[in-house]
Amino acid sequence: MIDLFSDTKTRPTAQMRAAMMEAEVGDEQMGEDPSVNALCERVADMLGKESAVFLPSGCMANELAIKVLCRPGDDVVCERSSHIVHYEAGAPAALSGVTLMTIDGDRGRYSVEQARAVMRKASFASPGTRMICCEQTTNIGGGALWELDDLRALTELAHAHAAFAHLDGARLMNAVVAQDVAPSEFAYGFDSAWIDFSKGLGAPVGSVLAGSRDFIDEAWFYKKQWGGAMRQAGILAAACSFALDHHVDRLADDHANARRLAEGLAELPGLLIDPSLVDTNLVFFELAEGDANAFAAALQSHGVRVSVVGPRRLRAVTHLDISVDDIDAAVAAFEQVIFSTSDSE
Ligand SMILES: *Cc1c(COP(=O)(O)O)cnc(C)c1O
C-alpha cells in the first residue's frame, strides 16, 4: 500500500528505533528524564523561548495553550479550517470554555485586516479577544505557508489588543525547510508555540510546547490534570531528538514529491488541481464529478490510500515512507482508476 493518507503514517526507522533502545530514561514528571529534558531544552532554544514541555500529542499542545492563556468566555481568533475548529473534539469549548471566532481566510491564512475586523474588547456585555492562532503550515488550508512578515504583524496586533498569539506548528519544520527561515524567527512574538514530531518528522509520538517559564509552569499543572504527565518518556524523546538530527532537511524531498504528484494528477482528466499551490507536503484535489469516498475506495483497491475531506475533495500527503517511485506508481494507479471508471460508464 502506498499510504498517502497522512504524514502521521510514518513508522520509526531502524536507526530511530536503535536510538530509542539506547535512550537514557528517568521519571519524566519528576523532571528526571535526561532524554526528555535535553529535547525540551533543544526545542525551547530552537523556538527562542525560555522553557518547553514534552507532550503526547499536538492536540494537547494547542489545548494547553488555550487553557493557560484564556479564561472561560474569551474569544480565540483563528481561520475557519483550523485544526482546533475541526479535529480536537470540541476541546476549546469543552476544556477552556472559549468561543472560536473563525475567519474565512485564504488557504488557512488570514490578514491583519481580517483579524482586526473580528477582534473585540471585552465589555460588561461582550466577550473580548484573548488569543489569536496561526497554523504554520496550514493543514486543511492545503499546506500553505505564511510569510514571516504576516505572522509578525499578527503577533503585534494581538499584543496591541492585550491578547496572546499562539503558533500551531504541527508542520513548522516544513515551513522552515520550504522558506529557509529559522524556527525561532517564525515563533518570535508568539506567546506559545509548538512542533509535532509524529507528522513528517517521523517519530512515533510526541510534541513539544514552548513559551515563557511561567507559561510552561502553568501548562504543567494542566498536563498533569489531563493525564499527560509521563514516566520513562525518554524512549519517545530519543526518537524526537533523532528526528531533529536526521529528518529535517529531508522534508524538502517530501515537498518535491508532493509537487511531482500534483503535476502528475493535473495531467489526468476529471481531477481539479493547481500544482502551483502545492507549497509543502499536502496535496489537495477535487473530482470534477463523482463521489470522493467511492474514488478513494477504488484507489485503495489499486494500492493507494488517500483521505477524503469533502464530498468531492481529497488529500494526499507525502512523507518519510514515500519515495519518488511510489509517487510515480501512485499516479499510475490514479490513471487506472480514472480509466476503469470511465469505461464502466
Ligand atoms: C496534526 C495536527 C495537530 C494535532 O497534532 P496531533 O499530534 O495529531 O495531536 C494540530 N494542528 C495541526 C495543524 C495538525 O496538522
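Residues numbered from 1 in each chain as written. Predicted model: local features only at pLDDT ≥ 70, side-chain atom pairs only at ≥ 80, totals over all residues. Heavy atoms only, no water.

A.B. asks: How would you sum up the sheet that holds strand E5 (residues 129-135)? Please name residues and give values.
C.D. replies: Taken in spatial order, the 7 strands line up as E2-E8-E7-E6-E5-E3-E4 in an open sheet, and their pairing is mixed. In this open sheet, the two edge strands, each paired with only one partner strand, are strand E2 (51-55) and strand E4 (99-103). Strand-to-strand, the axes of this sheet are offset by a mean angle of 20°, without reference to chain direction. Here strand E7 (residues 192-196) pairs with strand E8 (residues 207-211) via 5 bridges, running antiparallel. Residue pairing for E8: Ile195 is matched across the bridge by Val208. (Pairing = 2+ DSSP bridges. Helix = DSSP H or I, 4+ residues; strand = E, 2+ residues; numbered from the N terminus. Axes fitted to C-alpha atoms, helices over the stretch in contact; angles between N-to-C directions.)

A.B. asks: Before we move on, could you go through the side chain of Asn281 and cite the residues and values that matter?
C.D. replies: On the secondary structure map, Asn281 appears in the loop between strand E9 (271-272) and strand E10 (282-287). Within the structure, Asn281 has its side chain in polar contact with the side chain of Asp7 (distance 2.9 Å). Beyond its immediate sequence surroundings of up to four residues, Asn281 is in contact with Asp7, Arg171, Asn174, Asp254, His255, Ala258, Ala316, Val317 and Thr318. (Polar contact = N/O pair within 3.5 Å; in protein donor to acceptor, adjacent residues only side chain to side chain. Contact = heavy atoms within 4.5 Å.)

A.B. asks: How would you explain the packing of aromatic side chains if you had to name every residue and give the values?
C.D. replies: Across all of its chains, the model carries 5 aromatic pairs by this definition. Between Phe285 and Phe334, the aromatic rings sit 5.5 Å apart at their centres with planes inclined by 70°, giving edge-to-face as the arrangement. In this pair, Phe285 is assigned in strand E10 and Phe334 in helix H14 (residues 324-344), connecting sequence segments 49 residues apart. Both residues of the pair, Phe285 and Phe334, belong to the buried class. An aromatic cluster is built from Phe221, Tyr222 and Trp226, whose rings are joined through pairwise contacts. The ring of Phe5 carries the charged tip of Arg305 above its face, separated from the ring centre by 4.5 Å. (Phe/Tyr/Trp six-rings, centres within 6.5 Å; stacked < 30°, edge-to-face > 60°. Buried < 20%, exposed > 50% of the residue type's maximum accessible area, 1.4 Å probe, protein only. Lys NZ or Arg CZ within 6 Å of the ring centre and 35° of its normal.)

A.B. asks: Just give me the short version of the pattern of salt bridges, but keep the residues and values in it.
C.D. replies: Overall, the coordinates contain 15 salt bridges when judged by the stated rule. With a closest N to O distance of 2.6 Å, Arg120 and Asp75 form a salt bridge. Highlighted residues: Arg120 in the loop between helix H6 (112-118) and E5 and Asp75 in strand E3 (residues 75-79), separated in sequence by 45 residues. With relative accessibility at 31%, the residue Arg120 sits in the partly exposed group. Across the pair Arg107 and Asp279 runs a salt bridge whose closest N-O atoms are separated by 3.6 Å. Note that Arg107 is positioned in the loop between E4 and H6 and Asp279 in the loop between E9 and E10, a separation of 172 residues in sequence. Overall, the relative accessible area of 26% leaves Asp279 in the partly exposed class. (Salt bridge = Lys/Arg side-chain N within 4 Å of Asp/Glu carboxyl O.)

A.B. asks: With reference to specific residues and values, describe the site of the ligand.
C.D. replies: The full set close to the ligand counts 15 residues, and Gly58, Cys59, Asp168, Asp196 and Lys199 are the nearest of them. Asp196 places a side-chain nitrogen or oxygen 2.7 Å from an oxygen atom of the ligand. Note that an oxygen atom of the ligand is positioned 2.9 Å from one of the side-chain N or O atoms of Lys199. For the ligand, whose accessible area on its own is 380 Å², the fraction buried by protein is 89%. Looking at the shell around the ligand, the element that brings in the most residues is helix H3 (residues 58-69), giving 3 residues. Partitioned by chemical class, the residues of the shell around the ligand number 3 nonpolar, 6 polar and 6 charged. (Near = heavy atom within 4 Å. Areas by Shrake-Rupley, 256 points an atom, 1.4 Å probe, with all protein chains shown as cover. Nonpolar A, V, L, I, M, F, W, Y, C, P; charged D, E, K, R; others polar.)

A.B. asks: Describe the nonpolar core, with residues and values.
C.D. replies: For soluble globular proteins, nonpolar side chains are generally found buried alongside one another. In this structure, Leu39, Phe54, Tyr110, Leu154 and Phe197 are the most contacted members of the largest nonpolar core, which totals 55 residues. Residue contacts for Leu154: discarding those within four places in its chain leaves Tyr110, Ser111, Val112, Ala115, Ile132, Cys134 and Trp146. Formed by 29 residues, the second largest nonpolar core is a distinct cluster that contains Ala258, Leu261, Ala292 and Ile338. (Core = buried A, V, L, I, M, F, W, Y, C linked by side-chain atoms within 4.5 Å.)

A.B. asks: Can you break down empty space enclosed by the protein residue by residue, with the values?
C.D. replies: For the structure shown, the criterion picks out 3 cavities of 30 Å³ or more. When its volume is computed, the largest cavity comes out at roughly 90 Å³. Forming the boundary of the largest cavity are 14 residues, of which Ser82, Cys133, Cys134, Glu135 and Asp168 lie nearest the centre. Among the elements of the structure, E5 and strand E6 (164-169) are those that each provide at least two residues to the lining of the largest cavity. (1 Å grid on protein atoms, 1.4 Å probe; cavity = no way out; pocket = protein on both sides within 12 Å on 5 of 7 lines; lining within 4 Å. Points joined across faces, edges and corners; volume = space filled by probe spheres on them.)

A.B. asks: If you had to explain unusual backbone geometry to someone new, which residues and values would you point to?
C.D. replies: With the exception of glycine, the majority of residues adopt a negative phi angle, and the majority of peptide bonds are in the trans configuration. The step from Gln136 to Thr137 runs through a cis peptide bond, and the omega angle for that step is -5°. Checked against the element boundaries, Thr137 lands in the loop between E5 and helix H7 (148-160). Unusually for a residue other than glycine, Ala162 sits at a positive phi of about 55°. Within the element layout of this structure, Ala162 appears in the loop between H7 and E6. One non-glycine residue, Asp180, adopts positive backbone phi at about 55°.

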